[in-house]
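# Close look at the chain arrangement
Each chain, letter by letter, is given below.
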Amino acid sequence: MTPNTPNRLGPKWLSPVIHLCNNWISLTGVVIVTTASIFWLFLLPTTLSGGTQSPYIGILAFLTIPVPFFGGLLLIPLGMWLQRRREGRTAVYPPDFPFLAWSNPELRRLVYFIGATTVINVVVASQLTYGAINYMDSVTFCGQTCHNVMQPEFTAYQNSPHARVECVKCHIGPGASWFVRSKLSGVGQVFAVAFNTYPRPIPTPVENLRPARETCESCHWPQKYGEDRLQVIPTYASDESNTRTETVLLVKIGGGNHGIGIHGTHLGPGVTIRYAHSDQARQQIPWVEYNGPMGKTVYATPDAKIAGLPVRVMDCLDCHNRPTHTYELPERGLDTAMNTGLISPTLPFAKKEALEILKASYASRAEAGLRIPAAFEKYYQDRYPAVWEQRKSDVTASALQVLALWNRNIFPDMKVTWGSYPNDLGHTDFPGCFRCHDGSHASQDGKSITQDCNACHNLLAADEKSPKVLGDLGIGDPK
Ligand code: HEC
Ligand code: HEC
Ligand code: HEC
Ligand code: HEC
Ligand code: HEC
């Protein structure tokens, strides 16, 4: 064959390369490289367009896939080198090494091989990437893949009004730029989980959470955050009959304060409230600036030292910091469970006993699972044998609900316990509204942020048995 054979393919040096490639190590490398490239190409459109909202697709595309890609790439020369060592130099460069032509069996074998693996790869990758993208956007992935880490948030979420809203809707939201940001922070999180360096409990507030108004307002229409709402709050006492009382509030979400209500006062058109906080959890607020249609007012506590403190613009999360990861306190959790009948309010001292059991400490979920129901049942076996005999199934069912209450709020592995995550909506369990509305935040001219009991709600009944107002409305206690 002469150097000018018409059907010669490629330069002269390619022949020995093709020859050397025909070994199983290099071929494996070729398969891995093509597989990785095809997966990467399939992921590319979704990653670039921000069509998926999961940071982990990005991690897959930019961190995981390159590993086999470059690994495979290294295998090819490695195989060639070994092959060459095996054959010796003479075998590789025979004086008349055939030029590369389709008639060359080594070339054909290689081309067929790459062709076949590519076809298989395209079929497999298109199915897998589609599945992976859907999966990574899903709640299961967010809440369960890093099971231990997210267990508290995932559990609380499942019992919340947002249980059907995907994690990414609040944590990433629409648009590509936050998607990229979250992808970058997601990388750090994956390492923290892999090397077990994440803090317990996961600190709150989330430092770089997307501004709430961009996420929450994609579902909650600004003009319709709410009407005034009647809140009926049942409480069971610690006496033998678990005496039930009710507090009735008309919360002025949208209707009070000349129609602008709680939402309009803080976030209405033209209103910006900024505040300085002296602790990381934003529980201490010595300085507040109100900027509204009527001008600017600055309120500060008497001893406020504000130099150098972080300043934040108030948004939804300064009241609704627990819209979905809402943890209960034991008293309130029991009141709710007794109100819905999950824990029977007719079992003597049920509230008092359950409360004591809940407040005891248990080293693990397994230990709580054994001791909590047993302790509740034992109380009736010892103190109220007659009740135990007649209402065994009520007692055991209630005992399991006491355990369920503990299980959805306490996570020993993550060091999450009663009150680990304060809820800022209200003022009875945590400082909440009273971080600013405590009467001590005053302006230069002596005005203060109101603590008037009727500014935020009308207190229609406070801890009353069968409040008259509920009777008037026809929603009173059926008994
Ligand atoms: C309705 C919106 C919403 C949804 C849905 C949501 N979160 Fe959150 N998440 C929040 C807010 C708000 C915070 C607290 C922000 C703050 O206080 O700075 C938060 C905080 C967290 C934290 C930090 C620890 C904490 O409790 O403050 C983790 C972890 C978390 N969320 C995981 C998840 C997971 C996993 C899902 C899905 C199972 C999910 N979130 C769904 C709004 C949401
Ligand atoms: C993807 C849509 C979606 C997003 C995003 C969303 N929510 Fe909601 N939210 C809902 C739905 C749906 C309900 C009503 C649930 C129901 O009626 O049971 C709801 C209910 C609520 C409620 C009323 C709960 C109650 O007690 O009735 C509050 C408060 C709330 N959301 C706050 C927020 C905040 C704060 C954010 C942003 C961090 C947010 N939501 C983000 C869909 C969303
Ligand atoms: C100053 C505190 C505060 C801020 C800021 C705030 N809210 Fe509210 N919001 C409340 C209170 C208080 C309620 C009544 C809660 C209750 O009675 O359970 C409420 C109720 C709601 C409800 C339920 C209304 C209904 O009729 O069911 C939604 C939804 C809601 N808020 C969304 C938002 C969104 C979205 C933002 C941010 C744009 C926001 N809120 C900002 C205090 C606030
Ligand atoms: C970061 C500080 C801050 C927090 C937290 C806060 N507020 Fe306010 N609030 C203000 C400021 C500032 C004003 C406006 C004072 C003025 O008019 O100059 C205000 C005004 C109000 C008003 C109008 C009072 C009136 O009579 O004009 C209501 C109602 C109100 N807040 C309810 C709430 C509720 C409910 C919460 C808790 C869920 C809450 N606020 C949490 C700072 C705060
Ligand atoms: C800045 C607004 C604001 C002011 C001022 C205020 N409250 Fe409240 N209060 C709230 C909010 C918000 C809640 C929670 C409503 C809910 O659970 O939906 C609440 C809840 C309550 C509850 C029910 C507690 C429970 O068991 O859940 C009582 C009782 C109450 N307030 C009494 C008062 C009294 C008494 C005053 C006067 C000293 C007062 N409030 C002043 C905003 C306010």
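Just so it is clear, the model here is predicted, and its values are computed rather than measured.

### Some words on the overall build of the protein chain
For the protein chain, the helix and strand inventory stands at 17 helices and seven strands. Taking all 479 residues of the protein chain together, 39% fall into the buried category. A separation of at least 24 residues holds for 68% of the contacts in the protein chain among residues at least 6 apart in sequence. When the accessible area of the protein chain is evaluated, it comes to approximately 26400 Å², of which 62% is carbon and sulfur surface.

### Observations regarding the site of ligand 1
In the vicinity of ligand 1, 23 residues are found, and the nearest of them are Cys167, Cys170, His171, Arg322 and His325. Contact between ligand 1 and Glu153: an oxygen atom at 3.1 Å from a side-chain N or O atom of the residue. In this structure, an oxygen atom belonging to ligand 1 sits 2.7 Å away from a side-chain N or O atom of Arg322. Listed by contribution, the elements that provide at least two residues to the shell around ligand 1 are α7 (147-158) and α8 (167-171). Ranked by residues supplied to the shell around ligand 1, first place goes to α7 with four residues. When grouped by side-chain class, the residues that make up the shell around ligand 1 number 14 nonpolar, six polar and three charged.

### What about the sheet that holds strand β2 (residues 244-251)?
The three strands are arranged β1-β2-β7 in an open sheet whose pairing can be described as antiparallel. Two strands lie at the open edges of the sheet, namely β1 (229-236) and β7 (457-464), each paired on one side alone. Averaged over neighbouring strand pairs, the angle between their axes works out to 10° when direction is ignored. Across eight bridges, the pairing between β1 and β2 is antiparallel. In the sheet register, Ile233 faces β2, and the bridge partner there is Thr247. Contacting β1 and β2, helix α12 (residues 330-339) runs over the sheet at an angle of about 100° to β1.

### Things to note about the coordination of the iron atom of ligand 3
Protein coordination at the iron atom of ligand 3 comes from His263 (NE2) and His320 (NE2), with a distance range of 1.9 to 2.0 Å. Classification of the site at the iron atom of ligand 3 as octahedral follows from its six donor atoms and the range of 86 to 178° in their angles at the metal. Residue His263 is located in helix α11 (residues 261-267), and its partner His320 is located in the loop between β6 (311-313) and α12; the two are separated by 57 residues in the primary sequence. You can call His320 partly exposed: its relative accessible area is 32%.

### Section: the site of ligand 4
The full set close to ligand 4 counts 20 residues, and His266, Tyr299, Cys433, Cys436 and His437 are the nearest of them. One of the side-chain N or O atoms of Tyr299 is found 2.3 Å from an oxygen atom in ligand 4. Contact distances for ligand 4 include 2.7 Å between a nitrogen atom and a side-chain N or O atom of His437. At the level of elements, α11, β3 (272-276) and β4 (287-292) are the ones that each hand at least two residues to the shell around ligand 4. By residue number, the principal contributor to the shell around ligand 4 is α11, which donates three residues. Split into classes, the residues belonging to the shell around ligand 4 amount to 13 nonpolar, five polar and two charged.

Cut-offs used in this document
Residues numbered from 1 in each chain as written. Chains lettered and ligands numbered in written order. Predicted model: local features only at pLDDT ≥ 70, side-chain atom pairs only at ≥ 80, totals over all residues. Heavy atoms only, no water. Helix = DSSP H or I, 4+ residues; strand = E, 2+ residues; numbered from the N terminus. Buried < 20%, exposed > 50% of the residue type's maximum accessible area, 1.4 Å probe, protein only. Contact = heavy atoms within 4.5 Å. Areas by Shrake-Rupley, 256 points an atom, 1.4 Å probe, with all protein chains shown as cover. Near = heavy atom within 4 Å. Polar contact = N/O pair within 3.5 Å; in protein donor to acceptor, adjacent residues only side chain to side chain. Nonpolar A, V, L, I, M, F, W, Y, C, P; charged D, E, K, R; others polar. Pairing = 2+ DSSP bridges. Axes fitted to C-alpha atoms, helices over the stretch in contact; angles between N-to-C directions. Donors = N, O, S within 2.8 Å, 3.2 Å for Na, K, Ca; no water. Tetrahedral: all angles 85-135°; square planar, octahedral: opposite > 155°, others 65-115°.

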